[in-house]
Amino acid sequence: MKFVITGGAGFIGSNYLHYVVNKYPDDEFICIDALTYAGNYNNIKDLSSMSNFKFIKANICDREKIIDIFKQEKPDYIINFAAESHVDNSIKNPNLFVETNIIGTMNLMNAARIIQDEGIHKIKRFHQVSTDEVYGDLPLDRPDLLFTENTPIHTSSPYSASKAGADLQVLAYARTYKLPVTISRCSNNYGPYQFPEKLIPVVISKALKDEPIPVYGTGENIRDWIHVYDHNVGIDLIVRNGKEGNIYNLGGHSEKTNLELVKIILKELNKPESLITFVTDRPGHDLRYAIDSTKVEKELGWTRTYSFEEGIKSTIEWYVQNQEWIDDIKSGKYKYSYEDNNEKE
Ligand code: NAD
Ligand code: DAU
């Protein structure tokens, strides 16, 4: 089977590729990525020697290029990780989030329809990698409440609104054009290769340099942390065995206030809590996310491999061992870049 994986040079997509390219030697994986500021070819360069892996630099907003790629490659499965993913950026530049997250997703689905309508190839599944943020937030004083797949969409940020818009288009394409789709909605991921704009890599990289650690508002906001490996195992199960037209929640069952999380990391790195600096809150800051994953556990047998304690320890260790990876990103001078081995575009 042939898989197109968009956004495979980013955090979750690159971890996904490392998981599946090795696990399924008889399947082919084609990574499409625009290599935006968040896409890093270094994250997947080791896969370029694998015969079942191919990288194509392309933007999912480039409608004609995506159609050409699909006509040529005839994918059976399309998994859309590509997105503008950072809430703070969406507050500064909301339009880009509509273009990439909604129009980009529609371009992929339209290309799948075109190759089917022209009798070239029929896809088996379009999977949209979505987020628990489409459900909005939960109050801090109701620990009994969790997001289920039936929780109404109620978005807070331009990011979450764009992801919800994409989800609604995916469901509309399923109903109107009978596109075989699934959607997964996951909570906050952590693990290797996370871009150093998100909380955990920000805290680790700043703590290692004894720099102040910015905590938004009071630090009481709660996130439900899941190791990226467990998220990707869930996506793989849903893509291969999930029911067409269904939405599946994936959560870490590991809620922490931001302040608790920062203190855990500082303790592990043997750094003082005096590095914590309270800064202006994020506008519209969601209070609490917490996911009920019962459906995917019961229907598809999904379980988490990592406890939070093991996962955060190994993640901190990875960032300590790979400080060059973050230094490369910050300096903009990559040890190895896509352009080194390919014609300049
Ligand atoms: P990321 O920002 O690390 O990576 C995004 C990738 O998409 C990058 O490689 C980037 O180059 C690529 N990309 C962006 N715009 C593109 C375009 N127009 N065309 C082609 N490629 C493009 O993001 P991430 O954290 O790995 O998130 C991946 C997906 O998972 C996103 O859809 C996000 O909404 C979703 N998600 C993330 C989390 C999380 O905690 N990070 C949780 C739930 C869901
Ligand atoms: O829940 C899933 C979502 O998780 C994904 O859909 C998003 O793509 C992903 O970015 C993430 O969104 P968050 O906004 O929750 O993640 P972030 O790491 O940006 O922030 C986590 C929490 O930490 C949030 O409450 C804001 C706070 N924060 C963040 C940063 C970067 C700080 O206090 N200080 C910081 O410097």
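Residues numbered from 1 in each chain as written. Chains lettered and ligands numbered in written order. Predicted model: local features only at pLDDT ≥ 70, side-chain atom pairs only at ≥ 80, totals over all residues. Heavy atoms only, no water.

Engineer: I would appreciate a short explanation of the site of ligand 2 in the present structure.
Structural biologist: Taken together, 22 residues lie around ligand 2, and T131, D132, Y159, R282 and H285 are the ones closest in. Between ligand 2 and Y216, the relevant distance is 2.8 Å, taken from an oxygen atom to a main-chain nitrogen or oxygen of the residue. Looking at the shell around ligand 2, the element that brings in the most residues is strand β8 (residues 213–216), giving three residues. Classifying every residue of the shell around ligand 2 by side-chain character gives eight nonpolar, eight polar and six charged. (Near = heavy atom within 4 Å. Polar contact = N/O pair within 3.5 Å; in protein donor to acceptor, adjacent residues only side chain to side chain. Helix = DSSP H or I, 4+ residues; strand = E, 2+ residues; numbered from the N terminus. Nonpolar A, V, L, I, M, F, W, Y, C, P; charged D, E, K, R; others polar.)

Engineer: What's the story with empty space enclosed by the protein in this structure? I'm lost.
Structural biologist: Space left empty within the atom packing is revealed by a probe, the size of a water molecule, rolled over the atoms. Per the counting criterion, the structure on display carries one cavity of 30 Å³ or more. What the largest cavity holds in volume is close to 40 Å³. Lining the largest cavity, in full, are S205, L208, K209, Y319, Q323, I326 and D327. Those elements that place two or more of their residues in the lining of the largest cavity are α6 (199–208) and α11 (323–331). Ranked by residue count, the leading element in the lining of the largest cavity is α11, at three residues. (1 Å grid on protein atoms, 1.4 Å probe; cavity = no way out; pocket = protein on both sides within 12 Å on 5 of 7 lines; lining within 4 Å. Points joined across faces, edges and corners; volume = space filled by probe spheres on them.)

Engineer: In this structure, what is going on with unusual backbone geometry? I would like to understand it.
Structural biologist: We note that K74 has phi near 50 degrees; this positive angle belongs to a residue other than glycine. Unusually for a residue other than glycine, D210 sits at a positive phi of about 55 degrees. Residue placement: D210 occurs in the loop between α6 and β8.

Engineer: How should the sheet that holds strand β9 (residues 222–227) be read in this particular structure?
Structural biologist: Pairing is mixed across the open sheet formed by three strands, whose spatial order is β7-β9-β11. The open sheet has two free edges, formed respectively by β7 (188–190) and β11 (255–257), since each of these has just one partner strand. With strand direction ignored, the average angle separating the axes of adjacent strands in the sheet is 50 degrees. Of the pairings in the sheet, the one linking β9 to β11 comprises three bridges and is antiparallel in character. Along β11, the bridge assignment pairs D224 with E255. The strands touched by helix α7 (residues 228–241) within the sheet are β7 and β9, with β9 carrying the most contacts at an inclination of about 70 degrees. (Pairing = 2+ DSSP bridges. Axes fitted to C-alpha atoms, helices over the stretch in contact; angles between N-to-C directions. Contact = heavy atoms within 4.5 Å.)

Engineer: What is the right way to look at helix α2 (residues 63–73) in this model?
Structural biologist: Structurally, the α-helix is built with 3.6 residues per turn, so residues lying three or four positions apart point the same way. Residues of α2 that are buried: I66, I67, I69, F70 and E73. Along the axis of α2, the buried residues cluster in a sector spanning 165 degrees; they form a single face. Elements in contact with the buried residues of α2: β1 (2–6), β2 (28–33), β3 (53–57), β4 (77–80) and α4 (94–117). Just beyond α2, the residue with positive phi is K74, at close to 50 degrees. (Buried < 20%, exposed > 50% of the residue type's maximum accessible area, 1.4 Å probe, protein only. Arc of directions from axis to C-beta.)

Engineer: When you look at the packing of helix α1 (residues 11–23) against α7 in this model, what are you seeing that I'm missing?
Structural biologist: Packed helix pairs are specified by the crossing angle of their axes together with the interaxial distance, meaning the distance between the axes. Where α1 meets α7, the axes come as close as 9 Å, and the angle between the chain directions of the two elements is 60 degrees. Classified by the angle their axes make, α1 and α7 are oblique. At the point where α1 passes α7, the crossing takes the right-handed sense. Each of F11, I12, N15, Y16, Y19, V20 and K23 in α1 lies in contact with α7, whose residues at this interface are V228, Y229, H231, N232, V233, I235 and D236. Of the residues that constitute the contact of α1 with α7, the class distribution is nine nonpolar, three polar and two charged. (Parallel < 35°, antiparallel > 145°, perpendicular 65-115°, else oblique. Left-handed = near helix turned anticlockwise from the far one by under 90°.)

Engineer: Explanation requested: the side chain of S187 in the structure shown.
Structural biologist: When you line up the elements, S187 lands in the loop between β6 (181–186) and β7. In this structure the side chain of S187 is engaged in a polar contact, spanning 2.8 Å, whose partner is the backbone oxygen of D224. Those residues in contact with S187 that sit more than four places away from it in its chain are D132, D224, I226, L250, G251, G252 and I291.

Engineer: What exactly am I supposed to notice about the pattern of salt bridges here?
Structural biologist: Charged atoms that come close allow side chains of opposite charge to pair. Per the stated rule, a full pass over the model turns up 16 salt bridges. In this structure, E118 engages K71 in a salt bridge whose closest nitrogen and oxygen atoms are separated by 3.2 Å. Placement of the pair is E118 in the loop between α4 and β5 (125–131) and K71 in helix α2, with a sequence separation of 47 residues. Note on E118: relative accessible area 48%, which makes it partly exposed. Residue classification places K71 among the partly exposed positions, given a relative accessible area of 30%. The salt bridge partner of D144 is R142, with a shortest N-O separation of 2.6 Å. Three or more residues are tied together by salt bridges with common partners; here these are K2, K54 and E73. (Salt bridge = Lys/Arg side-chain N within 4 Å of Asp/Glu carboxyl O.)

Engineer: I tried to follow the site of ligand 1 on my own but got confused; where do I start?
Structural biologist: Neighbouring ligand 1 are 28 residues, the closest being D33, N59, S85, Y159 and K163. The backbone of F11 places a nitrogen or oxygen atom 3.1 Å from an oxygen atom of ligand 1. The separation between an oxygen atom of ligand 1 and a polar side-chain atom of K163 is 2.7 Å. With the chains in place, 97% of the 840 Å² that ligand 1 exposes on its own is no longer accessible. Of all the elements, β5 adds the most residues to the shell around ligand 1, at three residues. Residue composition of the shell around ligand 1, by class: 14 nonpolar, twelve polar and two charged. (Areas by Shrake-Rupley, 256 points an atom, 1.4 Å probe, with all protein chains shown as cover.)

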